[in-house]
Amino acid sequence: MEDNRRVQVIIATHKKYRMPEDEMYLPVHVGAEGKKDIDGNPLNLGYIKDNTGDNISALNASFCELTGLYWAWKNIDTDYIGLAHYRRHFGFKKTKDPFDGVLTYEELKPYLGKVRVFVPNKRKYYIETLYSHYEHTHYSNQLDVTRQIISEKYPTYVESYDEIIKHTYGYMFNIMIMEIELLDQYCSWLFDILFELGKRIDMPELSSFQGRYYGRVSEIIFNVWLDYQVKSGKIKRDEIKEIPCIYMEKINWWKKGKAFLEAKFAGKKYEGSF
């Protein structure tokens, strides 16, 4: 019997950008709350805004693409919900024009109903653990407080947390596609932790770039949540599928590598993306 499960993948963006044409994608203007154009009118990118319906759009400066995830969780009715970035997408194949390689519904369809969670290929740090990389490039007390919150609110997840932060790899970028039931469980868990984190950490001295730590913490603890689901038998390993991540723009590997080494050996924190 043909599987016609519905899939909606939101694309988090803060600016006008080329978008995939497949109907399963929905561009969402994240951080729309309070944004104005040069005439002082509400900024209109032509996309649906994350300050509609039940939303946390005003927190975008620190929550990043998670305001889009929250919006999708609270406002979309479908069988699978996903999150991609305007500059990062799932895709099985490399093409001359990267947009020609972006995952389509027809490519995803054979896996629906069998695979419950789609994730990007693991990002490998090789000489760093997830914790040490975060410690060198950001501020590790953010992870320490997160662990404390998990130990209080979700103590059965602590074992997974302690194991995951020692890994030299992980599913990053907050990119995923999940069955709606799982996404509901994940988001309930995630935002409960992050909202509590906001009550316990006050770091007004942070730059705007470093202030986006909620989004970065979530990248790591997504792996914690997924690891626990597998270990507890709630998700089978063969119900998780990795799909390569396609970058729409060229990465400055020299700049990225230089910043990585400066962070590890000279204590210089990251102050920009690459």
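The written sequence of each chain sets the order in which its residues are numbered from 1. Selection of residues for local features in this predicted model requires a pLDDT of at least 70, selection of side-chain atom pairs for listing and counting requires 80 or more, and totals for whole chains, interfaces and linings are taken over all residues. Processing note: side-chain calculations cover all non-hydrogen atoms of the structure and skip hydrogens and water entirely.

A.B. asks: Go over the nonpolar core with me, naming the residues and quoting the values.
C.D. replies: Buried Ala, Val, Leu, Ile, Met, Phe, Trp, Tyr and Cys residues form a nonpolar core when they are joined through side-chain atoms within 4.5 Å. Here the term buried applies to any residue with accessible area under 20% of the maximum for its type, exposed to any over 50%, and partly exposed to those in between, with areas from a 1.4 Å probe on protein chains only. If you look at the biggest cluster of nonpolar residues, it comprises 87 residues, and the most contacted ones within it are Tyr186, Trp189, Phe222 and Trp225. Pairs of residues are marked as contacts when any of their non-hydrogen atoms sit within 4.5 Å. Setting aside anything within four residues of it in sequence, one finds tyrosine 186 in contact with Leu69, Met176, Met178, Ser218, Phe222 and Trp225.

A.B. asks: Give a description of the side chain of histidine 85 that names residues and reports values.
C.D. replies: Put simply, DSSP H or I for four residues or longer makes a helix, DSSP E for two residues or longer makes a strand, and each gets a number counted from the N terminus. Along the chain, histidine 85 turns up in strand S4 (residues 80–85). With relative accessibility at 9%, the residue histidine 85 sits in the buried group.

A.B. asks: Before we move on, could you go through the state of the cysteines and cite the residues and values that matter?
C.D. replies: The criterion for a disulfide is a pair of cysteine sulfur atoms lying within 2.5 Å. Counting across every chain of the model gives zero disulfides. Summary of cysteine pairing: cysteine 187 is not part of a disulfide, and the nearest cysteine sulfur, belonging to cysteine 64, is at 15 Å. Assessed through its relative accessible area of 0%, cysteine 187 is described here as buried. Residue cysteine 245 stays outside any disulfide, its sulfur separated by 16 Å from that of cysteine 64, the closest cysteine. Looking at cysteine 245, the relative accessible area reads 21%, which means it is partly exposed.

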